[in-house]
Structures are given as C-alpha cells and as structure tokens.
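Residue-level structural notes
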Amino acid sequence: MKKIVFLDRDTLSPETVVRAPAFPHDLIVHARTTPEEVAARIADADIVISNKAPLRRESLAGATRLSMIAVAATGTDIVDLAFARERGITVSNIRGYARHTVPEHTFALMLALRRSILPYRQSVLDGRWQEAAQFCFFDHPIADLGGSTLGIIGYGTLGRAVGRIAEAFGMKLLIAGRKGEDNLKPGQTPFDNVMRRADVITLHCPLNAETRGIIGAREFALMQRRPILINTSRGGLVDELALEQALETDRIAAAGFDVTDGEPPAADSPMMRIAAHPNVIITPHVAWASREAVQALADQLIENIELFVAGTPRNVVG
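Small disclaimer: the values here were computed from a predicted structure and weren't measured. (Residues numbered from 1 in each chain as written. Predicted model: local features only at pLDDT ≥ 70, side-chain atom pairs only at ≥ 80, totals over all residues. Heavy atoms only, no water.)

What about the pairing of strand S11 (residues 254–257)?
The alternating pattern of S11 places Ala254 and Gly256 on one face and Ala255 and Phe257 on the opposite face, and all of these are buried. Two strands pair when backbone bridges link them, and strand S10 (residues 228–231) and S11 are joined in this way by 4 bridges, in the parallel orientation. By the bridge assignment, Asn231 is partnered in S11 with Phe257. What joins S10 to S11 is helix H10 (residues 240–248), and the crossover it makes is right-handed. (Buried < 20%, exposed > 50% of the residue type's maximum accessible area, 1.4 Å probe, protein only. Helix = DSSP H or I, 4+ residues; strand = E, 2+ residues; numbered from the N terminus. Pairing = 2+ DSSP bridges. Right-handed = clockwise from strand over helix to strand, strands pointing away.)

Digging into empty space enclosed by the protein
Under the counting rule described, the total for this entry stands at 1 cavity of 30 Å³ or more. As for the largest cavity, its lining consists of Ile4, Phe6, Val18, Arg19, Pro21, Leu27, Ile49, Ile302 and Ile305. Secondary structure elements with two or more residues in the lining of the largest cavity: strand S1 (2–6) and helix H12 (291–309). Its residues placed into classes, the lining of the largest cavity shows 8 nonpolar, no polar and 1 charged. (1 Å grid on protein atoms, 1.4 Å probe; cavity = no way out; pocket = protein on both sides within 12 Å on 5 of 7 lines; lining within 4 Å. Points joined across faces, edges and corners; volume = space filled by probe spheres on them. Nonpolar A, V, L, I, M, F, W, Y, C, P; charged D, E, K, R; others polar.)

Regarding a positive patch on the surface
A surface patch of like charges, here positive, comprises Arg99, Arg160, Arg164 and Lys185. Following the sequence through the fold, Arg164 ends up in helix H7 (residues 157–168). (Patch = residues over 30% accessible without salt bridge, like charges linked within 9 Å, V, L, I, M, F, W, Y side chains within 5 Å. Areas by Shrake-Rupley, 256 points an atom, 1.4 Å probe, with all protein chains shown as cover. Salt bridge = Lys/Arg side-chain N within 4 Å of Asp/Glu carboxyl O. Lys, Arg positive; Asp, Glu negative; His and termini not counted. Charge placed at Lys NZ, Arg CZ, Asp CG, Glu CD.)

Here's the deal with the packing of aromatic side chains
Here a ring pair, both rings aromatic, is described through the centre-centre distance and the interplanar angle of the planes. Summed over the entire model, instances satisfying the criterion amount to 2 aromatic pairs. With a centroid separation of 5.4 Å and 5 degrees between ring planes, the pair formed by Phe107 and Phe169 is classed as stacked. Of this pair, Phe107 sits in helix H4 (residues 101–114) while Phe169 is found in the loop between H7 and strand S7 (172–176), placing the two residues 62 residues apart along the sequence. Ring geometry for Tyr120 against Phe137: centres 5.7 Å apart, planes inclined by 50 degrees, an arrangement best described as tilted. With a gap of 17 residues between them, Tyr120 in helix H5 (residues 117–125) and Phe137 in the loop between helix H6 (128–132) and strand S6 (149–153) connect regions that are remote in the sequence. By relative accessible area, which is 14% here, Tyr120 ends up buried. (Phe/Tyr/Trp six-rings, centres within 6.5 Å; stacked < 30°, edge-to-face > 60°.)

Some words on the packing of H4 against H7
Contact pair H4 / H7: the axes reach a minimum separation of 9 Å and the direction vectors enclose 50 degrees. Compared by their axis directions, H4 and H7 come out oblique. Judged by the twist between their axes, the crossing of H4 over H7 is right-handed. Contacts between H4 and H7 pair Val102, Pro103, Thr106 and Phe107 from the former with Leu158, Ala161, Val162, Ile165 and Ala166 from the latter. Of the residues assigned to the contact of H4 with H7, the class counts are 8 nonpolar, 1 polar and no charged. (Axes fitted to C-alpha atoms, helices over the stretch in contact; angles between N-to-C directions. Parallel < 35°, antiparallel > 145°, perpendicular 65-115°, else oblique. Left-handed = near helix turned anticlockwise from the far one by under 90°. Contact = heavy atoms within 4.5 Å.)

Some words on the layout of surface pockets
For the second largest pocket, the calculated volume is near 260 Å³. For the lining of the second largest pocket, the secondary structure elements donating two or more residues are H4, H5 and strand S12 (280–282). Per-class residue counts for the lining of the second largest pocket are 15 nonpolar, 2 polar and 4 charged.

Quick word on the nonpolar core
Counting residues in each nonpolar core, the largest one holds 29 residues, and the members touching the most others are Ile153, Met195, Ile215, Phe220, Val238 and Leu243. Residue assignment for this core shows that the elements contributing at least two residues are S7, helix H8 (191–197), strand S9 (200–203), helix H9 (217–222), H10, S11 and helix H11 (270–274). The element contributing the most residues to this core is H10, with 4 residues. Excluding residues that lie within four positions of it along the chain, Leu243 makes contacts with Phe220, Leu229, Val238, Ile252, Ala255, Phe257, Met271 and Ile274. (Core = buried A, V, L, I, M, F, W, Y, C linked by side-chain atoms within 4.5 Å.)

Thoughts on the sheet that holds S6
The strands making up a sheet associate through backbone hydrogen bonding, with each pair oriented either parallel or antiparallel. The strand order across the open sheet built from 7 strands is S8-S7-S6-S9-S10-S11-S12, with neighbouring strands paired in parallel fashion. What marks the edges here is a single partner per strand, and that holds for strand S8 (188–189) and S12. Across the sheet, H4 touches S6, S9, S10, S11 and S12, and the angle it forms with S10 is around 155 degrees.

What follows is the structure, given as structure tokens:
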C-alpha cells in the first residue's frame, strides 16, 4: 500500500478530474501546504505530489520512505534536485500539456498590447465614441504583427509553437542563442542582437541559476526598437525593478506578463506598481490553465505515478 500525499490540490482547477491511481494506495489530499507544513505532511509518504509547495533539503531529510516526487507542472525549481539524487528519489514532471494554451495566451497578450485593445475598450466605456461624433477615433496607437520581428528566448516545445504562430502572422523570427555565448546553433541569433532588433520579445525558458534575471537593466538598454516584452514563463527571468524603470523611461513600448517573481506579488511590488499602466497587462499565472490543458496535466500526472510504480518511470528529471 503506497501512501501518496498531494500537497496543493487547489493549484488545479476544481473542475479538473484527478483520477485515483490504478494500484493499492492511500491518498491524502491537502488543498494547500505552506513551506513550514511540508516536512510533517510528507514524513511517512512514499510518493509526494506538488505543484508549487517547495520540497527543499530540510523538508525531504525526514521523509525516509519517499521514493518519488511527482511535480504537477513542467518547472521543477520547487524541488531540491541535488538532494533527491543523493537519496535516490525519482523526480518526474509534466511535459507537452501546454503546447496550445501557453502560446495562445502569449499571442493574446501580444495582440492586445500591439493593437491597444484594452485602452480602446476603456475609451468606449468612458463615452469617447460619442464624443468623437464619427465612426471611429484614433486615441491609441495600433500596429500590425505582420512584418514585425519577434525575438524568442527559449526555443523548446513552447518557443517553437510560438514561432509557428508568429510565422502564420507574417512575423520575422529571431531565435536567441544562449546569453553571452558565441557558439551558436544553426538558425540562432546572438542574444544581444535579439535585444537590439526585436519589435516583440517573448520568454519561454526555465528559471534556474543561469536564467534568473536574464532580462535586466543591461538588456533593456540594448533595446533599440522599444519592443513589447512578453513573459508567460517564470517571473524571476526579468529584473522587475529594471522593468519598471524601462517603462518609466520609455525603453520598451509595453509589457505583458503572466508571472511575477514571487506569487502572488506583494502589494507594494514593482509588478503591482506598474499593473495599472496603460501599456501593461498582468494576468495571474493562468497562461497554462485552459480546461483542456489542466485536464491533460492531471491525466499525465497520474500516469507518471503509475508508470513509476510499475517500474517504468517516465519524464524523469535530473
């Protein structure tokens, strides 16, 4: 009988069906788990499921029966992977489930900002159309995506999907090489050149020691075309104080973010200070959360656990 502990079921929508694994088990489900509660809740678990509840060395050390951590997401920065390797704990993640939902959200932000959708909506609600006394008015800038240049940072499954949509819009693509690296793969453009040449920059890379703050004051200073910056990946990829400054000094035209560095962001954080800016759209980390995608995630999550118990683990990390 395997004891399975799900630390944060509320990170999946209530309508999502999380089916029971097809082997004898005892499933303990917690709606949420604070970092301080993790150690006690996983102490006698064989398998732990977590989306965002952190699984650090100090919490994992006392979980002597633990053999698997099933991350209910693609990113595994919540897990101390080095300690898991030391202890022989298998870590699995979810892959491929967001190939439609994240790129679609990316383009929803891109189109809304490029075409000033929200400012025009607000103008209509404010009575501006009646004041204009003609069939249209031109209070806010509108630009096409077609013919513009998209810089993609992170060219995995999601970055490639975004690239395909961009090409359908008639955009030109720049695929960024690794920051500071001269050895480029075929089709890549030096990172700094992407900063200089792109009209829109979109982030699709994991958050780790190498990528934290990959966009900061230095990178904003390189942006010659006042691009729109889109981040549907991880909040820590962008220095938020530098982002605030870039908006204030007109280094970028707009920002569309689905993630922040610390979620939810503090009320006095840079992201909340810029949230009401007319050229900013911030959504609450929901790019991944279409009904179809979340259900696919839940199905894959249980399949990962079943395959591990059957001796054929899948999506193993590290």
